[in-house]
Amino acid sequence: CGLLFAFRKDVEFHRPTVMSKATAFLWSDYRPSMVMWEPLAQLHKLALTGYILLTKHEFARVVIANLLCVISLVAYFVVAPLKRLEDNWVFYFLHLTLLMLFQCGMVMHTCDHSDLCRALGMGRSTFGPAIIFLSVTIALNLIGLILVVILFVTNSRASLPILLREEK
């Protein structure tokens, strides 16, 4: 974080230095004004995988994870820090998938500790809700993959040299 902060102006104003070139793997996918997004992304990953375990209650963990995912998804959608549009869309769909899995965890926890699933006709088991959520998540991923491939193909055709483009 300190390294990125130290040379963020060099990257933003396109002044290559030895340090900015050496650490390009940290910021090269981001727009120049978004160099500091990488530490935020790492903090988000750390919060979802580590800090959340400090909470003693399982259901509270899933609720906190849901909130972190929603906040991150909205922030990413508003800021769109990556250079390539396709990369931003891949991230959106991955975060939606993560959010769906956390929602599945909430529903499964609710089914285990109440009669809600039985009242909805899914029985006492968490198998029914898990299958529903996994099916929706897989469908969402397939739709996202198709959209990202279409976006990638469309953008790559637009950036081809004039001699290599197909004539209509």
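Our structure's up above, just so we're on the same page.
Just so we're clear, the structure is a prediction, and the values are computed from it rather than from any experiment.

K.L.:
Explain unusual backbone geometry to me, and be specific about the residues and the numbers.
P.N.:
Despite not being glycine, A80 shows a phi value in the positive range, around 45°. Structurally, A80 is set in the loop between α5 (58-79) and α6 (85-113).

K.L.:
An account of α5 is needed here, citing residue identities and associated values.
P.N.:
For α5, spanning 22 residues, the distance from its first C-alpha to its last is 31 Å, which sits close to the expected 32 Å at 1.5 Å a residue. Those residues of α5 that fall on the buried side of the exposure criterion are V62, A65, N66, C69, S72, L73 and Y76. What you see down the axis of α5 is that its buried residues fit within an arc of 140°, all on one side. The exposed set on the far side of α5, more than 90 degrees from its buried face, consists of L67, I71 and V78. At its buried positions, α5 is contacted by α4 (37-49) and α6. At the exit of α5 stands A80, carrying a positive phi of roughly 45°.

K.L.:
Explain the environment of F127 to me, using residue names and the numbers behind them.
P.N.:
By the secondary structure assignment, F127 is in helix α8 (residues 127-158). What makes F127 exposed here is its relative accessible area of 58%. Sequence separation between F127 and C111 is 16 residues, and the spatial gap between their C-alpha atoms is 9.7 Å.

K.L.:
How would you summarise the packing of α4 against α5 if you had to cite specific residues and measurements?
P.N.:
One way to put it is that α4 packs onto α5 with a least axis distance of 10 Å and a crossing angle of 160°. Taken together, the axes of α4 and α5 lie roughly antiparallel to each other. Note that α4 runs across α5; the crossing there is left-handed. On α5, the residues that touch W37, H44, A47 and L48 of α4 are A65, L68, C69, S72, A75, Y76 and V79. Residues of the contact of α4 with α5, tallied by class, amount to 9 nonpolar, 2 polar and no charged.

K.L.:
Would you mind going over the pattern of salt bridges in detail, with residue names and values included?
P.N.:
Applying the stated rule across the entire model yields 2 salt bridges. One salt bridge connects R84 with E86, and the closest N-O pair in it is separated by 3.4 Å. We classify R84 as partly exposed; its relative accessible area is 41%.

K.L.:
Tell me about the layout of surface pockets, and please be specific about residues and values.
P.N.:
Its volume calculated, the largest pocket comes out at about 440 Å³. In terms of lining, the largest pocket is formed by 20 residues, of which the most central are A41, H44, K45, F91 and H95. Mapped onto the lining of the largest pocket, the elements with two or more residues apiece are α4, α5 and α6. Per element, the largest residue contribution to the lining of the largest pocket is 9 residues, and it comes from α4. Its residues assigned to classes, the lining of the largest pocket comprises 13 nonpolar, 4 polar and 3 charged.

Each value, and the rule that gives it
- Residues numbered from 1 in each chain as written.
- Predicted model: local features only at pLDDT ≥ 70, side-chain atom pairs only at ≥ 80, totals over all residues.
- Heavy atoms only, no water.
- Helix = DSSP H or I, 4+ residues; strand = E, 2+ residues; numbered from the N terminus.
- Expected span 1.5 Å × (residues − 1).
- Buried < 20%, exposed > 50% of the residue type's maximum accessible area, 1.4 Å probe, protein only.
- Arc of directions from axis to C-beta.
- Contact = heavy atoms within 4.5 Å.
- Axes fitted to C-alpha atoms, helices over the stretch in contact; angles between N-to-C directions.
- Parallel < 35°, antiparallel > 145°, perpendicular 65-115°, else oblique.
- Left-handed = near helix turned anticlockwise from the far one by under 90°.
- Nonpolar A, V, L, I, M, F, W, Y, C, P; charged D, E, K, R; others polar.
- Salt bridge = Lys/Arg side-chain N within 4 Å of Asp/Glu carboxyl O.
- 1 Å grid on protein atoms, 1.4 Å probe; cavity = no way out; pocket = protein on both sides within 12 Å on 5 of 7 lines; lining within 4 Å.
- Points joined across faces, edges and corners; volume = space filled by probe spheres on them.

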